[in-house]
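Breakdown of the fold
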Amino acid sequence: MSDTRTGAGRYRSVFRPDLFAGQAIIVTGGGSGIGRCTAHELASLGAAIALVGRKAEKLAAVQAEIAQDGGRATIHPCDIREEEGVKAAVAAILQAHGRIDGLVNNAGGQFYAPLEAISQKGWETVVRTNLTGGFLMARESYTQWMRTNGGAIVNIVADMWHGMPGMGHSGAARAGMVNFTMTAASEWGHAGVRVNAVAPGWIASSGFDSYPESVTPMLRSLKRNTPLQRIGTEAEVSAAIAFLLSPAAAFISGECLRVDGAAPNAKRHQQLATAHRSPSPFQGFHRAKPVKALEEE
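This structure is a prediction, so every number in the text was calculated from the model and none was measured. (Residues numbered from 1 in each chain as written. Predicted model: local features only at pLDDT ≥ 70, side-chain atom pairs only at ≥ 80, totals over all residues. Heavy atoms only, no water.)

We now examine the side chain of T28. Mapping T28 onto the fold places it in strand β1 (residues 24-28). T28 sits in the buried class, given a relative accessible area of 1%. In this structure the side chain of T28 is engaged in a polar contact, spanning 2.9 Å, whose partner is the backbone nitrogen of N106. Looking at T28, its side chain comes within polar contact range of the main-chain nitrogen of A107, at 2.8 Å. Here T28 is in contact with V52, L103, V104, N105, N106, A107 and M137, once residues within four sequence places are set aside. (Helix = DSSP H or I, 4+ residues; strand = E, 2+ residues; numbered from the N terminus. Buried < 20%, exposed > 50% of the residue type's maximum accessible area, 1.4 Å probe, protein only. Polar contact = N/O pair within 3.5 Å; in protein donor to acceptor, adjacent residues only side chain to side chain. Contact = heavy atoms within 4.5 Å.)

This is how it looks when you write it as structure tokens:
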């Protein structure tokens, strides 16, 4: 197995190396976390990657990693909440790559707070990031390219089933994105455009380290509330995204694929059995970074 601390080796994908050869795929939020991992996997499978995010330095770092691994990526700093900026970014991607075969709408963000403590500004900021921005990226990818040429869109949402206490703004936005996914799949199917969503559950990713220390004990306890009795990996989410972008998913559209270890299926009154044969985590990402918030003392 490759050394995940140094980034040595290559991405260990379950898909054939040339799966996306000749294709250009946009990954928003590609500078960190699940987006970074997904960009690496898709690049390892032959795709040219267009990295989109607010911070150019983060995108450039991932671009350099992909180049070191033999792949190709361009960077397009953009605030996906701003319509004109999104229009320009998609146009620039088309100028750089000449096509858009796939869009991974991964960019998102939220903060931990009960509903009563969320201001209107805070609420709208999260909704614009997790819902409006994804809509704008999808609409522009469709109108500027996919409407004539087809393509595949994968929207990344979250485990917001049965509500999302502590992150109600994000839960509302993610639920909206699932509904948008179903609507877009219906309206754009005639153009050969498939639209699906992936809903990650509790995933060991850099996002965990952005929450206050007061939340750390709760984060470390999450695995006990999951029937598979562990936290997921970025590579497990990326594999689901790659599948939905692939020809194997040619008749799948309007669907939301959960990657959550069956956590939403566990009932509050249920005493979860201690795992004695939990499936081993898939650790395909050779450059995965440790999540400090999940490190037991």
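Our focus in this paragraph is the sheet that holds strand β4 (residues 102-105). Overall, parallel pairing links the 7 strands, which are arranged β3-β2-β1-β4-β5-β6-β9 in an open sheet. On the outer flanks of this sheet lie β3 (72-77) and β9 (256-259), each paired with one strand and no other. Here the average twist between neighbouring strands, direction ignored, is 20°. As defined by bridge partners, β4 adjoins strand β5 (residues 151-156) across 4 bridges and the pair is classed as parallel. Opposite V104, over in β5, you have V154 as the bridge partner. Most of the contacts of helix α7 (residues 234-245) go to strand β6 (residues 193-200), to which it runs at about 165°, and overall it touches β1, β4, β5, β6 and β9. (Pairing = 2+ DSSP bridges. Axes fitted to C-alpha atoms, helices over the stretch in contact; angles between N-to-C directions.)

It is worth spelling out a positive patch on the surface at this point. Together, R54, K55, K58 and K289 make up a region of like positive charge exposed at the surface. Along the chain, K289 falls in the segment after β9. Residue classification places K289 among the exposed residues on the basis of a relative accessible area of 57%. (Patch = residues over 30% accessible without salt bridge, like charges linked within 9 Å, V, L, I, M, F, W, Y side chains within 5 Å. Areas by Shrake-Rupley, 256 points an atom, 1.4 Å probe, with all protein chains shown as cover. Salt bridge = Lys/Arg side-chain N within 4 Å of Asp/Glu carboxyl O. Lys, Arg positive; Asp, Glu negative; His and termini not counted. Charge placed at Lys NZ, Arg CZ, Asp CG, Glu CD.)

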